[in-house]
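Residues per chain, in single letters:
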Amino acid sequence: MYLENFKSLREVKGLSLQNIADQLNLTKQCLHTWEKSRVIPNKYAPEICSILGISLEDQEFYHPNCIVKFRKSLNMSRAAFAALLEVSDSTLSRWERGAMELSQKNTILLHELYKKLSSDFKSPQE
């Protein structure tokens, strides 16, 4: 499972790596490795998603390609989508290229927008 914003989502929930490691019966170092690589073994995907309060359906959402696909599914230009997210066009461009991570605030905003605007947008990977 690719989860670009594992750290941000974890922090939003007020969870430490040790909190999650304890729930999964793993070491903190193991989770630290996942957090740095942004890749979580599929075996743990359901539990991680449950702990973070996200669905398996949108687990891949924060990958840069998925942000592009989401924006395009809404038929929005990058400038219009950036304005909706209250960020500059250049910031959105960096997110979409994977050159910059979303801030915690923007992670929440983008996820809320995704849930609000895309009730029929099932998976960015489809």
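Located above this text is the structure these notes cover.
Predicted model, so just to flag it, every value in this text is computed and none were measured.

Caption draft 1: Spotlight on the overall build of the chain. Counting its secondary structure elements, the chain contains eight helices and zero strands. What you see in the chain, going N to C, is helices and strands ordered as α-α-α-α-α-α-α-α. Residue burial in the chain is summarised as follows: out of 126 residues, 43% are buried. Taking the intrachain contacts of the chain between residues at least 6 apart in sequence as the baseline, contacts between residues at least 24 apart amount to 60%. When the accessible surface of the chain is totalled, it reaches about 6,800 Å², and 49% of it is carbon and sulfur.

Caption draft 2: Local environment of the packing of aromatic side chains. Summed over all chains, the structure comprises one aromatic pair. Relative to Tyr44, the ring of Trp34 has its centre 5.2 Å away and its plane inclined at 45 degrees; by these criteria the two rings are tilted. With a gap of 10 residues between them, Trp34 in helix H3 (residues 28–37) and Tyr44 in the loop between H3 and helix H4 (45–52) connect regions that are remote in the sequence. A relative accessible area of 15% means that Tyr44 is categorised as buried.

Caption draft 3: Examining the nonpolar core more closely. Ranked by size, the top nonpolar core spans 17 residues in total, and within it Phe6, Ile20, Ile48 and Leu52 carry the most contacts. Put simply, the parts of the chain that give this core at least two residues each are helix H1 (6–12), helix H2 (17–24), H3 and H4. With near-sequence residues (within four places) excluded, Leu52 lies in contact with Leu3, Phe6, Leu9, Arg10, Lys13 and Ile20.

Caption draft 4: Highlighting unusual backbone geometry. In the Ramachandran plot, Asn75 falls in the positive-phi region, its phi being about 55 degrees despite a non-glycine side chain. Locating Asn75 in the fold gives a position in the loop between helix H5 (64–73) and helix H6 (78–85).

Caption draft 5: Up close: the side chain of Ser93. Relative to the helices and strands, Ser93 resides in helix H7 (residues 89–97). In terms of polar contacts, Ser93 uses its side chain to reach the side chain of Arg97, at 2.7 Å.

Caption draft 6: Representation of the packing of H2 against H4 within the structure. At a minimum axis distance of 11 Å, the contact between H2 and H4 shows a crossing angle of 135 degrees. The angle between H2 and H4 falls in the class oblique. The two elements H2 and H4 cross, and the hand of that crossing is right-handed. The residues of H4 that touch H2, namely those facing Ile20, Gln23 and Leu24, are Glu47, Ile48, Ile51 and Leu52. Taken together, the residues that form the contact of H2 with H4 break down as five nonpolar, one polar and one charged.

Caption draft 7: Fine view of the side chain of Arg10. Secondary-structure assignment places Arg10 in helix H1. Taking relative accessible area as the criterion, Arg10 reaches 8% and is therefore assigned buried. If near-sequence neighbours (up to four positions away) are discounted, Arg10 is found in contact with Leu15, Ser16, Leu17, Ile20, Glu35 and Leu52.

What counts, and at which threshold
Residues numbered from 1 in each chain as written. Predicted model: local features only at pLDDT ≥ 70, side-chain atom pairs only at ≥ 80, totals over all residues. Heavy atoms only, no water. Helix = DSSP H or I, 4+ residues; strand = E, 2+ residues; numbered from the N terminus. Buried < 20%, exposed > 50% of the residue type's maximum accessible area, 1.4 Å probe, protein only. Contact = heavy atoms within 4.5 Å. Areas by Shrake-Rupley, 256 points an atom, 1.4 Å probe, with all protein chains shown as cover. Phe/Tyr/Trp six-rings, centres within 6.5 Å; stacked < 30°, edge-to-face > 60°. Core = buried A, V, L, I, M, F, W, Y, C linked by side-chain atoms within 4.5 Å. Polar contact = N/O pair within 3.5 Å; in protein donor to acceptor, adjacent residues only side chain to side chain. Axes fitted to C-alpha atoms, helices over the stretch in contact; angles between N-to-C directions. Parallel < 35°, antiparallel > 145°, perpendicular 65-115°, else oblique. Left-handed = near helix turned anticlockwise from the far one by under 90°. Nonpolar A, V, L, I, M, F, W, Y, C, P; charged D, E, K, R; others polar.

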